[in-house]
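# Notes for the structure review
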Amino acid sequence: GAGIDTASICPPTTKAEVELAEAFNRTMSFKPELFLVLSKQDVLASTSSCQPSTGVNCTIDNRCNIGNSLCLSGTCLCQSGFCWNG
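Let me begin by describing the structure that accompanies this report. (Residues numbered from 1 in each chain as written. Predicted model: local features only at pLDDT ≥ 70, side-chain atom pairs only at ≥ 80, totals over all residues. Heavy atoms only, no water.)

## Re the overall build of the protein chain
Counting its secondary structure elements, the protein chain contains two helices and three strands. When the helices and strands of the protein chain are read in sequence order from the N terminus, they spell out α-α-β-β-β. Of all 86 residues assigned to the protein chain, the portion counted as buried reaches 8%. (Helix = DSSP H or I, 4+ residues; strand = E, 2+ residues; numbered from the N terminus. Buried < 20%, exposed > 50% of the residue type's maximum accessible area, 1.4 Å probe, protein only.)

Below you can see the structure in the form of structure tokens.
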């Protein structure tokens with residue numbers, strides 16, 4: 001976020017940074033046994049209201065008469081990548 005930079009959260013790496021940290025007692029205040037890496041991520045997909053259930057029951061022989069759907073627990077559900085509502 002804003003105001004967070006490597007200078008304020010990373011341990012000193014150069015002699016000058018070490019001297020500055022020692023002069024102002026800015027050494028790490030926690031044991032470096034736990035490290036956290038922050039990485040910027042791309043948006044994976046937009047949120048959608050995909051409705052997988054067709055609201056139709058399977059036939060007696062566990063089949064669905066709707067394209068791109070599968071029978072699961074007696075109900076016809078859309079196959080992966082398909083939505084009943086669009």
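## A look at the pattern of salt bridges
If you walk through the whole model with that rule in mind, you get one salt bridge. The partner of Arg63 in a salt bridge is Asp61, with the nearest N and O atoms 3.4 Å apart. Residues Arg63 and Asp61 agree in their burial class; the two are exposed. (Salt bridge = Lys/Arg side-chain N within 4 Å of Asp/Glu carboxyl O.)

## Digging into the sheet that holds strand S1 (residues 53–57)
One open sheet holds the three strands; their spatial order is S1-S3-S2, and the pairing between them is antiparallel. Only two strands of the sheet have a single partner each, and these edge strands are S1 and strand S2 (69–72). Going across the sheet, the axis of each strand differs from the next one's by a mean of 35°, ignoring polarity. The pairing of S2 with strand S3 (residues 75–78) spans four bridges and is antiparallel. Looking at S3, one finds that Cys71 is bridged to Cys76. (Pairing = 2+ DSSP bridges. Axes fitted to C-alpha atoms, helices over the stretch in contact; angles between N-to-C directions.)

## Describing the environment of Asn57
Residue placement: Asn57 occurs in strand S1. Note on Asn57: relative accessible area 59%, which makes it exposed. Between the C-alpha atom of Asn57 and that of Ser73, which follows or precedes it by 16 residues, the distance is 9.1 Å. When residues no more than four places from it in sequence are discounted, the contact partners of Asn57 are Gly74, Thr75 and Cys76. (Contact = heavy atoms within 4.5 Å.)

## Quick look at the side chain of Ser69
Note on placement: Ser69 falls in strand S2. Ser69 gets classed as buried once you look at its relative accessible area, which sits at 11%. Within the local environment of Ser69, its side chain forms a polar contact with the backbone oxygen of Ile66, the two atoms lying 2.5 Å apart. Leave out the neighbours within four places in its chain, and Ser69 touches Cys64, Cys76, Leu77, Cys78 and Gln79. (Polar contact = N/O pair within 3.5 Å; in protein donor to acceptor, adjacent residues only side chain to side chain.)

## With respect to unusual backbone geometry
A negative phi angle characterises most non-glycine residues, just as the trans form characterises most peptide bonds. Phi angles above zero are rare outside glycine, and Asn62 is one such case at about 60°. If you trace the backbone, Asn62 turns up in the loop between S1 and S2. Under the relative-accessibility criterion, Asn62 is labelled exposed at 55%. Despite not being glycine, Ser73 has its phi angle at roughly 55°, a positive value. Here Ser73 lies in the loop between S2 and S3.

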